[in-house]
Amino acid sequence: MKLLFLYFSGTGNTDYVARYLARSLDLAEVELRSIEWQPPEELTGFDLLAFGFPVYAADSPGFVQTYMEQLPPGEGRGAFVFCTKGAYAASAVKLNLQRLARGGYVPLCGGDVIMPGTDGLSMIAKDSWMARKALQKDYDQLQDANRLVEQMRSVLSALADGRSPEAIRMPLPPEPKMGTSDRLWAALYRMTENWARARLHADQRCEGCGLCARICPVDNVTVRDGRAQFEDRCVLCLRCLHACPQEAIQIGKLTSDKFRWKGPTGDFRPLRLRPAGS
């Protein structure tokens, strides 16, 4: 069995969790790919799909949902969903399993993994207790991820014993639908997102290196007159803010000289997600 981990990671948390899960699964041949470097229509050669994302507005990011709609037909292949959350995942796992099911994939199981919320981290002091807590967390033992590993291993074992994905399908309502509390949470997130997007800018420290433009997942950044400029497509993944070598990208004045997150191991570099030779 070939299990494909396909995911989006803004600031390194989902990338880390994907690799954490993958190295714990020895019942399948595992491959990892970022959606940013994998055209959906060219996906071939896999038996099972594990789809991952960070939770935005009680769901997957909008451009991730669009990507899912463009995936090749599932044709009865099994699917897992995993997501990372700062606090509240809402129904994100179920919603995205339902989307995959509509595309012909068979939902098998899913789960969420709590990780540091990089939006909040960007607004706290570098020497604060919250920053220290995020840096000192034991990322070698993620309880949420371990529980998901056990579920996935159970499914893979059943498949290895000859059971079909359909025989172990996870029961779900047919249509993706948020509950009332999830809709309220999503509305609050979008209000915050709109407020922050309007205040995103590069300050005087910007050297026009263009890294932010190269790593933006939605091509929202350009460099003009030697400084980064932002359009209106921002999804607030905050990759540019956390990755900027000069710490020049800000949300108003809230993030100036505040903490920057480089992933759980401190070495997340978005361009490393690019496959070799591409």
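These lines cover the structure that appears in this document, whether it is placed above or below.

Thresholds, definitions, all that
Residues numbered from 1 in each chain as written. Predicted model: local features only at pLDDT ≥ 70, side-chain atom pairs only at ≥ 80, totals over all residues. Heavy atoms only, no water. Helix = DSSP H or I, 4+ residues; strand = E, 2+ residues; numbered from the N terminus. Rg over C-alpha atoms; globule rule 2.2 N^0.38 Å. Buried < 20%, exposed > 50% of the residue type's maximum accessible area, 1.4 Å probe, protein only. Contact = heavy atoms within 4.5 Å. Areas by Shrake-Rupley, 256 points an atom, 1.4 Å probe, with all protein chains shown as cover. Lys, Arg positive; Asp, Glu negative; His and termini not counted. Charge placed at Lys NZ, Arg CZ, Asp CG, Glu CD. Patch = residues over 30% accessible without salt bridge, like charges linked within 9 Å, V, L, I, M, F, W, Y side chains within 5 Å. Salt bridge = Lys/Arg side-chain N within 4 Å of Asp/Glu carboxyl O. Pairing = 2+ DSSP bridges. Axes fitted to C-alpha atoms, helices over the stretch in contact; angles between N-to-C directions. Polar contact = N/O pair within 3.5 Å; in protein donor to acceptor, adjacent residues only side chain to side chain. Core = buried A, V, L, I, M, F, W, Y, C linked by side-chain atoms within 4.5 Å. Arc of directions from axis to C-beta.

**Regarding the overall build of the protein**
Working step 1: Check the secondary structure of the protein and you find nine helices and nine strands.
Working step 2: For 278 residues, the compact-globule estimate of 2.2 N^0.38 gives 19 Å, and the C-alpha radius of gyration of the protein, at 19 Å, lies within 12% of that figure.
Working step 3: If you line up the protein on its principal axes, its C-alpha atoms span 60 × 40 × 40 Å.
Working step 4: Taking all 278 residues of the protein together, the buried fraction comes to 51%.
Working step 5: Restricting the contact set of the protein to residue pairs at least 6 apart, pairs at least 24 apart contribute 78%.
Working step 6: For the protein, the computed accessible surface area is about 13,300 Å², with 50% contributed by carbon and sulfur atoms.
Working step 7: The average position of the 35 basic charges and that of the 32 acidic charges among the side chains of the protein differ by 5 Å.

**Let's talk about a nonpolar patch on the surface**
Working step 1: Taken together, the side chains of Met-123, Trp-195 and Leu-254 define a hydrophobic patch exposed on the protein surface, amounting to about 260 Å² of accessible area.
Working step 2: Tracing the backbone through its elements, the reader meets Leu-254 in the segment after strand E9 (249-251).

**Things to note about the sheet that holds strand E1 (residues 2-7)**
Sheets are built from strands that pair by backbone hydrogen bonding, the pairs being arranged parallel or antiparallel.
Working step 1: Across the sheet, five strands lie side by side as E2-E1-E3-E4-E5; this open sheet has parallel pairing. On the outer flanks of this sheet lie strand E2 (29-34) and strand E5 (106-114), each paired with one strand and no other. The sheet shows a mean angle of 20° between the axes of neighbouring strands, taken without regard to direction.
Working step 2: Here strand E4 (residues 78-85) pairs with E5 via eight bridges, running parallel. Counted as the bridge partner of Gly-78 is Val-106 from E5.

**Observations concerning the side chain of Arg-260**
Working step 1: In this structure, Arg-260 sits in the segment after E9.
Working step 2: Here Arg-260 occupies a buried position and makes no salt bridge, while the nearest side chain of opposite charge, Glu-247, is found at 4.8 Å.
Working step 3: Within polar-contact distance, the side chain of Arg-260 engages the backbone oxygen of Leu-241 at 3.1 Å.
Working step 4: A polar side-chain atom of Arg-260 sits 3.0 Å from the main-chain carbonyl oxygen of Thr-255.
Working step 5: Not counting chain neighbours up to four residues away, the residues in contact with Arg-260 comprise Ser-122, Leu-241, His-242, Glu-247, Ile-249, Gln-250 and Thr-255.

**A few points about the nonpolar core**
Working step 1: In this structure, Leu-6, Leu-49, Phe-51, Leu-71 and Leu-100 are the most contacted members of the largest nonpolar core, which totals 51 residues.
Working step 2: In terms of residue count, helix H3 (residues 92-102) provides more of this core than any other element does, five residues in total.
Working step 3: Residues in contact with Leu-71, not counting those within four places in the same chain, are Leu-6, Pro-40, Leu-43, Leu-49, Phe-51, Leu-100 and Tyr-105.
Working step 4: By size, the runner-up hydrophobic cluster in this structure holds 39 residues, among which are Ala-145, Met-152, Val-155 and Leu-156.

**Brief notes about helix H2 (residues 62-69)**
Working step 1: For H2, the set of buried residues is Val-64, Gln-65, Tyr-67 and Met-68. One side of H2 carries all its buried residues, which in axial view fall inside an arc of 155°.
Working step 2: Buried positions along H2 lie against E1, strand E3 (48-54) and H3.

**Some points on unusual backbone geometry**
Working step 1: With a phi angle near 50°, Glu-75 is a residue other than glycine that sits in the positive phi range.
Working step 2: Among the secondary structure elements, Glu-75 is positioned in the loop between H2 and E4.
Working step 3: In this model, Ala-90 sits at a positive phi of 55°, which is unusual for a non-glycine residue.
Working step 4: Along the chain, the position of Ala-90 falls in the loop between E4 and H3.
Working step 5: Ala-90 gets classed as partly exposed once you look at its relative accessible area, which sits at 25%.

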